[in-house]
Amino acid sequence: MNNFHGVIFAYSASPELRELVSHRTAASMPIFGRYRVIDFALSSLMNAGIHDVGVIMQRDYQSLMDHLRNGKAWDMSRKDGGLRLLPPFGMPGYHSGNYFGTMEALNGVGEYIRDIPQKYVVLLLGSMCANLDLRAAARMHLHSGAPITAICSTTVPDAPQHRYIVGPDGYVKEALFYVEGESRGFTSLEGYIIDKDLLVKMMEECAAKNLYRFHRDAIASYLAGGGKMDVYLHEGYYMPIRSVDLYYRANRDMLDTDKRHDLFCAERPVRTRHHSLVSTYYGEKAVSSNSLVGDNCRIMGTVEDCVLSSEVVVEEGAYLKDCVVMRRTTIGKGARLENVIVDKNCIISSDTALKGNEKLPLVVPKGSRI
Amino acid sequence: MKKSCIAMLLAGGQGSRLYALTQDVAKPSVPFGGKYRIIDFPLSNCANSGIDTVGVLTQYRPLKLNSYIGNGQPWDLDVSDGGVYILPPYLGAHEQGSWFSGTANAIYQNIAFIEMYDPDNVLILSGDHIYKMDYAEMLRVHLDNEAACTIAVQQVSMAEATRMGIMSVDEKDFITEFEEKPKQPKSDLASMGIYIFNWKKLRAALIEDENDPNSSKDFGKNIIPKMLAAGERMLAFRFKGYWRDVGTITSLWDANMDMLSPDLINLFDPDWPISSRSPVCPPHFTSKDARIVHSIVTEGCEIFGEVENSVLSSSCKVGRGAKVLYSVLMPGAVVGDGAVVEYAIVGENTVIGAGAHIGAPPDGTDAWGVATCGPDITIRAGAVVPASAMIYSGEEV
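An account of the accompanying structure is given in this report. (Residues numbered from 1 in each chain as written. Chains lettered and ligands numbered in written order. Predicted model: local features only at pLDDT ≥ 70, side-chain atom pairs only at ≥ 80, totals over all residues. Heavy atoms only, no water.)

1. What to know about the overall build of chain B
Put simply, the test is: A helix here means a DSSP run of H or I that spans at least four residues, while a strand means a run of E at least two residues long, and both kinds are numbered starting from the N terminus. Here the globule rule is a power law, 2.2 Å times the number of residues to the power 0.38, and the radius of gyration is based on C-alpha atoms. A 1.4 Å probe rolled over the protein chains alone gives each residue an accessible area, and that area as a share of the maximum for its type sets the label: buried under 20%, exposed over 50%, partly exposed in between. In this description, contact between two residues means that some pair of their heavy atoms is separated by no more than 4.5 Å. Surface accessibility follows the Shrake-Rupley procedure with a 1.4 Å probe radius. Residue values consider only the protein chains on display as shielding. We count Lys and Arg on the positive side and Asp and Glu on the negative side, and we leave His and both chain ends out. Taken as the charge location is NZ of Lys, CZ of Arg, CG of Asp or CD of Glu.
Per the secondary structure count, chain B includes nine helices and 31 strands. On C-alpha atoms alone, chain B measures out to a radius of gyration of 22 Å, which is about the 21 Å that the 2.2 N^0.38 rule sets for 397 residues. The principal-axis extent of the C-alpha atoms belonging to chain B is close to 65 × 50 × 45 Å. Counting all 397 residues of chain B, 58% fall into the buried class. Taking as baseline every contact in chain B between residues at least 6 positions apart, the subset at least 24 positions apart corresponds to 58%. Surface summary for chain B: the accessible area is close to 15900 Å², and the carbon and sulfur share equals 50%. Placing the 32 positive and 48 negative side-chain charges of chain B at their respective mean positions leaves the two points 1 Å apart.

2. Side note on a positive patch on the surface
Note the threshold: Each patch is built from residues that are more than 30% exposed by relative accessible area and take part in no salt bridge. Like charges join if they lie within 9 Å; nonpolar side chains (Val, Leu, Ile, Met, Phe, Trp, Tyr) join within 5 Å. Salt bridges are counted wherever a side-chain nitrogen of Lys or Arg sits within 4 Å of a carboxyl oxygen of Asp or Glu.
Judged by side-chain charge, K72(A), R78(A), K79(A) and R277(B) come together as a positively charged surface patch. On the secondary structure map, K72(A) appears in the loop between α2 (62-68) and β5 (83-86). In this structure K72(A) comes out as partly exposed when scored by relative accessible area, which is 41%.

3. Section: the packing of helix α7 (residues 199-210) of chain B against helix α8 (residues 219-229) of chain B
All names here are of chain B. Here is the rule we go by: Note on geometry: axes are C-alpha line fits, over the in-contact stretch for helices, and angles between N-to-C directions span 0 to 180 degrees. Take the far helix as the reference: if the near one is turned anticlockwise from it by less than a right angle, the crossing is left-handed, and if turned clockwise, right-handed. Under the grouping applied here, Gly and all other residues not named as nonpolar or charged are polar, the nonpolar ones being Ala, Val, Leu, Ile, Met, Phe, Trp, Tyr, Cys and Pro and the charged ones Asp, Glu, Lys and Arg.
Contact pair α7 / α8: the axes reach a minimum separation of 10 Å and the direction vectors enclose 115°. The two elements α7 and α8 cross, and the hand of that crossing is right-handed. Facing α7, whose interface residues are K201, L202, A205, L206 and D209, α8 presents F219, N222, I223, K226 and M227. In terms of residue class, the contact of α7 with α8 is made up of six nonpolar, one polar and three charged.

4. Structural notes on empty space enclosed by the protein
Put simply, the rule is: A cavity, in this analysis, means grid points on a 1 Å lattice covering only the protein atoms where a 1.4 Å probe fits yet has no way out; a pocket is instead an open set bounded by protein on both sides within 12 Å along at least five of seven lines, and a residue lines either one if it has an atom within 4 Å of a point. Grid points are joined across faces, edges and corners, and a volume is the space filled by probe spheres set on the points.
Counted under the stated rule, the structure contains one cavity of 30 Å³ or more. The volume enclosed by the largest cavity comes to roughly 100 Å³. Along the walls of the largest cavity sit V278(A), S279(A), Y281(A), R298(A), G33(B), M259(B), P262(B), I265(B), L267(B), F268(B) and I296(B), which together make up its complete lining. Considered class by class, the residues forming the lining of the largest cavity number eight nonpolar, two polar and one charged.

5. Digging into the sheet that holds strand β24 (residues 340-342) of chain B
All names here are of chain B. Threshold: The rule for pairing is simple: two strands pair if DSSP sees at least two bridges between them.
Taken in spatial order, the six strands of this open sheet run β15-β18-β21-β24-β27-β30, and their pairing is parallel. Two strands close off the open sheet at either side, each with one partner strand: β15 (291-293) and β30 (384-385). Relative to β30, strand β27 (residues 357-358) is paired through two bridges, and the arrangement is parallel. Paired with H357 across the two strands is V384, which belongs to β30.

6. Notes on the environment of N296(A)
Of note, N296(A) is situated in the loop between β16 (291-293) and β17 (298-299). For N296(A), a relative accessible area of 13% gives the class buried. With 17 residues separating them in the primary sequence, N296(A) and V313(A) have C-alpha atoms 8.8 Å apart. Excluding its chain neighbours within four sequence positions, the residues that come into contact with N296(A) are L277(A), V278(A), S279(A), T280(A), E311(A), V312(A) and F268(B).

7. Section: the pairing of strand β1 (residues 5-10) of chain B
Residues and elements named next belong to chain B. With six of six residues buried, β1 lies mostly within the body of the structure. Of the two faces of β1, the one lined by C5, A7 and L9 and the one lined by I6, M8 and L10 are each fully buried. Of the strand pairs in this sheet, β1 and strand β6 (residues 121-126) are connected by six bridges, and their pairing is parallel. Counterpart to C5 in the pairing with β6 is N121. One ladder, built from four bridges, connects β1 with strand β4 (residues 53-57); its direction is parallel.

8. Quick word on the pairing of strand β12 (residues 234-238) of chain B
One face of the sheet, then the other: side chains in a regular strand alternate in exactly this way. Residues and elements named next belong to chain B. Most of β12 sits inside the fold, with four of its five residues counted as buried. Sheet topology note: the strand β8 (residues 149-155)/β12 ladder contains five bridges and is parallel. Counted as the bridge partner of A152 is F237 from β12.

9. Description of helix α1 (residues 38-47) of chain A
Residue and element names in this part refer to chain A. Of all 10 residues in α1, 10 are buried; the element is thus mostly enclosed. For α1, every residue scored as buried is listed here: I38, D39, F40, A41, L42, S43, S44, L45, M46 and N47. With its phi angle positive at about 75°, G49 sits one or two positions after the end of α1.

10. Describing the packing of aromatic side chains
Between two aromatic rings, the relevant description is the distance of the centres plus the angle of the planes. Under the convention used in this document: Any pair of Phe, Tyr and Trp rings, taking the six-membered ring for Trp, is counted once the centres come within 6.5 Å. Such a pair is stacked with planes under 30 degrees apart, edge-to-face with planes over 60 apart, and tilted for the rest. Two limits define a charge over a ring: the Lys NZ or Arg CZ must be within 6 Å of the ring centre, and within 35 degrees of the ring normal.
All told, the structure shown has 26 aromatic pairs over all chains when counted by the stated rule. A connected cluster of aromatic rings, assembled from ring pairs, spans F32(A), Y35(A), F40(A) and F264(A). Above the face of the Y212(A) ring, R216(A) is positioned so that its terminal group lies 6.0 Å from the ring centre. Its guanidinium or amino end placed over the ring of F304(B), R320(B) lies 4.6 Å from that ring's centre, counting from NZ or CZ.

Keep in mind these numbers describe shape, not what the thing actually does.
Pasting the structure below:
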């Protein structure tokens, strides 16, 4: 896979992620009790043997950089190439530092993109959860005769999306942008395999016309001009992390053993930064039912239908139901939490009661003391 | 570059008293306590004590150990000047060289490695104990007392003393007498097999011992008594913390059970982390019917049954209606639906068939013991493996 280069977009976070992204970008949100969202894009690239990867970031990226480091966890710490972090203002040329769209973000790191030695570029969102078989997608791209392959899914998430309708010749004949709910065609994962020369050409055209959107501007005009686009259908689990609701739902999806085995399949392991920790201890009165629990937790109370990250303490008599709890949080004795997302480093004191709603979970921001 | 102290870790022994568990691997790479392998303890202690150069002497079935240690990155031992080195026996010119014939001979054969770092002192460690110890503190005491050799010791009961190397000391803790497994112990201070030697003195003693045809080339039996007889300053360094030998099935099981009591050894201590090379797995899953009491569970496990008083390593599976009681499951062990595993150690990737019954609770007789299934075994559905049983890889059960 030496002819492929990865580019991950980690520069934005949907405002509907609210407090969860006040300290971080969507790509570095902790998820599934162990991972960061960007691990899925990185692992998909790694498992396809793609080691040269640029990560475009723009704001609130400290937590992302702390996570990525030199890319070692994904074997992307290489003598040549490997992981490149691409913050704004990192290179000369056209940019405002304010990315209104993907084309503007690409132009912001234009020098990097133009210098990519590989012939093909894989563009992925850092904010989606899917374990992609990019080897198969790349094989398809090499044989399709189209300079762009759109990675799509039959899943219809509860968020605005782009959709592609395939014609009888197997290429995209129609694109629907920003549609909500069920519709025709396939959901775009906003992941593409694209010939580098075409990508650079699109970037130049958009820069010249002051256009900055990837779909509305670059793709629409490419298709309108008769450009060929193939579709690779990803059949496994897919969830875009674009709102608190979708984040909450994704976490709870992993309590379903079939979905979990699908996303964390043995053929394509999902890698993340390694923490050396101890195992989780369950006390004499602990109850853990239908839950995912990370390492180095101490569970003395009751946990039902929850996702707990590492280093969470659930003291005696505490009751957690339908909660997502991030790292280094303590739930005090007798506290009662239902439908709550607790961010990192929180302390919920004894006998506190917090209750959200299944449709609107309560978010306890990072570092809260309640 | 010159180093004040480097460590040499003796990891070549088979650990024959672990039987099936060390059939294919060296003892230091036997999984322990959910997240670890035995060698994580001395390696982490080295890293935490600021000792950044560690030679690991391997001989018996070293493949797993070699790949486990790798470049030493999990212990932060991947440094540019020093680091962790696997040292197997090797041949020199004219086919000179041989297998390590004893602990002292193993160090003797690696004099050239030690000289590369020109250390003032050498720390000798073994890969079969579970403990947290600050070797830097021991080195400080060693240097303050200008000792030729400092031996870490721990107080033991008189009954235990008959099975160990026992030191008698003077009022300043200088060793006056050393006895290997005495019938009538004169002291209750037992050697922990952790030594710091002045390198020049050790080098001379090793060369001298090598030329002694009657020597068994062992630290405890030969080097220490000889240096003591020669009137060298030999100091005892008292260690009071948790320290367990895990060289037998019973002691390995006991020490694993100790991991359920953080009062004995606190592995949650951020100031003294015990690090390991462990695979990245999703958090462990507990189903609606799972019941987990007084146990530790690790990443990647899936629990559909009952777990009580047990230690589960990464990626173990406990099936529906299955029970795991007072047992140790090593990484990737699978307990089939409705099976019972009690007072047992189940090796890596071993599969216990549905409805099988492994082990039994203590019945008060001397014949009772922990049941052990080695790694990579499939126990067929409904099979019964009695207490004290030892199932080897390749056996049909």
